[in-house]
Amino acid sequence: MKSVKLIALIALTILIGVLIIQNIAPVEARLLFASVQLPLIVLLLLAGGSGFLIGLIIGGWHRTSKHSKSTPTHRSDHSVG
């Protein structure tokens, strides 16, 4: 099992290295009213990281709200009367 994880880690490292090498050209990005010039890999990492963080925040919020709805309330089924 450790060797599978090691092979996967090595493969992922190689793929990320290739991605970085192929995407070093500068690009212009327009952000609202500003225009910035940065390497494409930086833009890709910022977009991916932002999406990851938004997913964590929404996923955590969804999990918390789902958990609070699923907690049972302790009610007595015996009616007085």
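No experiment lies behind these values; they were computed from the predicted model shown.

What counts and how
- Residues numbered from 1 in each chain as written.
- Predicted model: local features only at pLDDT ≥ 70, side-chain atom pairs only at ≥ 80, totals over all residues.
- Heavy atoms only, no water.
- Helix = DSSP H or I, 4+ residues; strand = E, 2+ residues; numbered from the N terminus.
- Buried < 20%, exposed > 50% of the residue type's maximum accessible area, 1.4 Å probe, protein only.
- Areas by Shrake-Rupley, 256 points an atom, 1.4 Å probe, with all protein chains shown as cover.
- Pairing = 2+ DSSP bridges.
- Patch = residues over 30% accessible without salt bridge, like charges linked within 9 Å, V, L, I, M, F, W, Y side chains within 5 Å.
- Salt bridge = Lys/Arg side-chain N within 4 Å of Asp/Glu carboxyl O.
- Polar contact = N/O pair within 3.5 Å; in protein donor to acceptor, adjacent residues only side chain to side chain.
- Contact = heavy atoms within 4.5 Å.

Undergrad: Explain the overall build of the protein chain to me, please; I cannot follow it from the model alone.
TA: Of the regular secondary structure elements, the protein chain holds 2 helices and 2 strands. The helix and strand sequence of the protein chain, counted from the amino end, reads α-β-β-α. Relative to its 81 residues, the protein chain shows a buried fraction of 5%. Here the protein chain displays about 7,800 Å² of accessible surface, and carbon together with sulfur accounts for 71% of that area.

Undergrad: Just checking my understanding: could you explain the pairing of strand 1 (residues 26-31) for this structure?
TA: Two faces make up the sheet, and in a regular strand the side chains alternate between them. Pairing between strand 1 and strand 2 (residues 34-39): 6 bridges, direction antiparallel. Note that in strand 2 the partner of Val 27 across the bridge is Leu 38. The loop that links strand 1 with its antiparallel partner strand 2 comprises 2 residues; one of these, Leu 32, has a positive phi angle of about 55 degrees.

Undergrad: What exactly am I supposed to notice about unusual backbone geometry here?
TA: Note: most peptide bonds trans; most residues except glycine with negative phi. Of note, the phi angle at Leu 32 is positive, near 55 degrees, even though the residue is not glycine. Among the secondary structure elements, Leu 32 is positioned in the loop between strand 1 and strand 2. Judged by relative accessible area, Leu 32 falls into the exposed class, the value being 84%.

Undergrad: Honestly, a nonpolar patch on the surface in this entry has me stumped. Any pointers?
TA: On the surface, Leu 6, Leu 9, Ile 10, Ile 14 and Val 18 cluster together into a nonpolar patch covering about 470 Å² of accessible area. Its location among the elements puts Ile 10 in helix 1 (residues 2-22). Using a relative accessible area of 46% as the deciding quantity, one classes Ile 10 as partly exposed.

Undergrad: How should I be thinking about the side chain of Asn 23 in this particular structure?
TA: Positionally, Asn 23 belongs in the loop between helix 1 and strand 1. Assessed through its relative accessible area of 15%, Asn 23 is described here as buried. At a separation of 2.9 Å, a polar atom in the side chain of Asn 23 contacts the main-chain carbonyl oxygen of Leu 19. Ignoring any residue separated from it by four or fewer positions in sequence, one finds Asn 23 in contact with Pro 39, Leu 40, Ile 41 and Leu 44.

Undergrad: Explain the environment of Pro 26 to me, please; I cannot follow it from the model alone.
TA: Examined against the element boundaries, Pro 26 turns out to sit in strand 1. A relative accessible area of 56% means that Pro 26 is categorised as exposed. For the pair Pro 26 and Pro 39, spaced 13 residues apart in sequence, the C-alpha to C-alpha distance is 4.1 Å. Beyond its immediate chain neighbours, meaning those up to four positions away, Pro 26 contacts Gln 37, Leu 38 and Pro 39.

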